[in-house]
Amino acid sequence: MSVSVRIPTILRTYTNGAAEVSGEGATLREVLEKLDADYPGIGARILDETGKIRRFVNVYVGEEDVRFADNLDTATPPGVQVSIIPAVAGG
């Protein structure tokens, strides 16, 4: 089940500069595990030491914020786009 994963600029060093990569998995958890296997180290930038999405990282499956869906168990149907978006702060 192939999905596309949009990579934010700050994490593109892990994907050799690629803004979008292909992912595999039936759930977001599986997609992120495969992403980390293909691009070692990127998973630690998205998930914290307890395996949860980091507080200042937003992840969308399609148009849906996974925090308001099933979090890491959110389904990732074939062809859907997963977007990883770091929160921006400033004043």
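Criteria and thresholds
- Residues numbered from 1 in each chain as written.
- Predicted model: local features only at pLDDT ≥ 70, side-chain atom pairs only at ≥ 80, totals over all residues.
- Heavy atoms only, no water.
- Helix = DSSP H or I, 4+ residues; strand = E, 2+ residues; numbered from the N terminus.
- Buried < 20%, exposed > 50% of the residue type's maximum accessible area, 1.4 Å probe, protein only.
- Pairing = 2+ DSSP bridges.
- Contact = heavy atoms within 4.5 Å.
- Axes fitted to C-alpha atoms, helices over the stretch in contact; angles between N-to-C directions.

### Observations concerning unusual backbone geometry
Phi at Asn 16 takes a positive value of approximately 55°, unusual for a residue other than glycine. Within the fold, Asn 16 resides in the loop between β1 (2-6) and β2 (20-24). Accessibility expressed as a relative area gives 74% for Asn 16, which makes it exposed. Unusually for a residue other than glycine, Asn 71 sits at a positive phi of about 55°. Tracing the backbone through its elements, the reader meets Asn 71 in the loop between β4 (64-65) and β5 (81-86).

### Focus on the sheet that holds β2
The strands that make up a sheet pair up through hydrogen bonds in the backbone, lying either parallel or antiparallel. Read from one edge to the other, the open sheet built from five strands follows the order β2-β1-β5-β3-β4, with strand pairing classed as mixed. Edge strands, defined here as strands with exactly one partner in the open sheet, are β2 and β4. The sheet contact formed by β1 and β5 spans three bridges and is parallel. Across the sheet, Val 5 pairs through a bridge with Val 82, a residue of β5. Across the face of the sheet, helix α1 (residues 28-38) comes into contact with β1, β2, β3 (57-61) and β5 while running at roughly 120° to β2.

Geometry only, nothing functional implied.
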